[in-house]
Amino acid sequence: MTTYGTIPAELPRPSLTMILRAREQLGSLTGSQRKWEDMIKIQSLNLPPNVNEAVRRIRTNTVFFKTNYVIVVALLLFLTLLLHPVSLIIIGIIAGAWLLQYFLRDNPLSIYGFVIDRTTTITVLTLFTIAVFFLTDLMNNIMTGIFFGLTVVLLHGLFRTVDDLSAGDEKDASGSQC
């Protein structure tokens, strides 16, 4: 009995499971996100009285607002890259190459009958990514965006008082569970 030309009742959907897994991981990441109102409380912003207090504030705020800080840095990096559309196109090409040649490929890559293993694929993609980063302005643009984001995060951590944050999270910042 041949099944040539028939359409299976249910198609396998590996991409759907990958999307659901990514959604779960993103949900667990944003589950530890603090309220933006707590982060941007104007009444809680002032200069630290000394260097020790400044270091304590930065450590405590980093632990307490870590997910918010990641979002801020990513957003500022994205906004910086919006000013350089060629960089966004290059990042899209690099991401597409990684997705098509590594992440979404179940079988090894075959070119003219030669099978290329995953290690070779990773090596070629890594060298391609590094070459593109250094041969274009992409590395400069990314570093500028990350530096700008980290500066904003550091300033917030420095000026945001930690007195109104919960005591359990402040204990984490002292290094007891990190």
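Keep in mind the model is a prediction, meaning the values are calculated, not measured.

Asks: Which residues make up the overall build of the protein chain, and what values do they have?
Replies: Scanning the protein chain from N- to C-terminus turns up eight helices and two strands. Its helices and strands taken in sequence order, the protein chain reads α-α-α-α-α-β-β-α-α-α from the N to the C terminus. Here the protein chain holds 178 residues, and 25% of them are scored as buried. Restricting the contact set of the protein chain to residue pairs at least 6 apart, pairs at least 24 apart contribute 81%.

Asks: Pulling in residues and values, what's your account of helix H7 (residues 138-159)?
Replies: With 22 residues, H7 extends 32 Å between its outermost C-alpha atoms, agreeing within 8% with the 32 Å of an ideal straight helix rising 1.5 Å per residue. Among the residues of H7, those classed as buried are Leu138, Asn141, Ile142, Gly145, Gly149, Val153, His156 and Gly157. When H7 is viewed along its axis, its buried side chains cluster within an angular range of 140° and face the same direction.

Asks: Outline helix H5 (residues 85-103), listing residues and values.
Replies: Taking 1.5 Å of rise per residue, 19 residues should cover 27 Å, and H5 covers 25 Å from first to last C-alpha, within 8% of that figure. Where H5 is buried, its residues touch helix H4 (66-82), helix H6 (118-135) and H7.

Asks: Help me get a handle on the pattern of salt bridges, residues and values and all.
Replies: Under the counting rule described, the total for this entry stands at two salt bridges. Two residues, Arg56 and Glu53, come together in a salt bridge whose shortest N-O distance is 3.2 Å. You can see Arg56 and its partner Glu53 sitting in helix H3 (residues 51-64), three residues apart, about one turn around the helix. Judged by its relative accessible area of 16%, Glu53 is buried. Between Glu53 and Arg57 there is a salt bridge, and its shortest N-O distance comes to 3.4 Å. Here Arg57 and Glu53 lie together in helix H3, a separation of four residues that amounts to about one turn. Each member of the pair, Glu53 as well as Arg57, carries the same accessibility label: buried. Here the salt bridges do not stand alone but share partners, grouping Glu53, Arg56 and Arg57 into one network.

Asks: Go over the nonpolar core, please, and point to the residues and values.
Replies: With ten residues, the main nonpolar core is built from Leu81, Ile90, Ile94, Ala97, Trp98, Tyr102, Leu125, Val132, Leu138 and Ile142. Secondary-structure elements contributing two or more residues to this core are H5, H6 and H7. Among the elements that line this core, the one with the most residues is H5, at five residues. Contacts of Trp98, omitting those with residues within four sequence positions, involve Phe103, Ile122, Leu125, Thr126 and Thr129. Counting residues in hydrophobic clusters, the runner-up holds eight residues, among them Met39, Phe65, Val72 and Val73.

Asks: An account of unusual backbone geometry is requested, with residue identities and associated values reported.
Replies: The backbone of Tyr112 shows a phi angle near 50°, a positive value even though the residue is not glycine. Residue position: Tyr112 is located in the loop between strand E1 (109-111) and strand E2 (114-116). A relative accessible area of 81% means that Tyr112 is categorised as exposed.

Asks: I'd like a rundown of the confidence of the model for the protein chain, residues and numbers included.
Replies: Averaged over all residues, the pLDDT of the protein chain is 78; the fraction at 70 or higher stands at 72%. Every residue in residues 167-178 scores below 50 in pLDDT, and together they form 14 contacts with partners more than four places removed in sequence or on other chains.

Asks: I'd like a description of the environment of Leu81, backed by residues and values.
Replies: Relative to the elements of secondary structure, Leu81 occurs in helix H4. You can call Leu81 buried: its relative accessible area is 5%. Distance from Leu81 to Leu138, taken between C-alpha atoms, is 8.9 Å for residues 57 residues apart in sequence. Discounting residues that sit within four places of it in the chain, Leu81 has contacts with Ser87, Leu88, Ile91, Asn141 and Ile142.

Cut-off values and rules
Residues numbered from 1 in each chain as written. Predicted model: local features only at pLDDT ≥ 70, side-chain atom pairs only at ≥ 80, totals over all residues. Heavy atoms only, no water. Helix = DSSP H or I, 4+ residues; strand = E, 2+ residues; numbered from the N terminus. Buried < 20%, exposed > 50% of the residue type's maximum accessible area, 1.4 Å probe, protein only. Contact = heavy atoms within 4.5 Å. Expected span 1.5 Å × (residues − 1). Arc of directions from axis to C-beta. Salt bridge = Lys/Arg side-chain N within 4 Å of Asp/Glu carboxyl O. Core = buried A, V, L, I, M, F, W, Y, C linked by side-chain atoms within 4.5 Å. pLDDT = per-residue confidence, 0-100.

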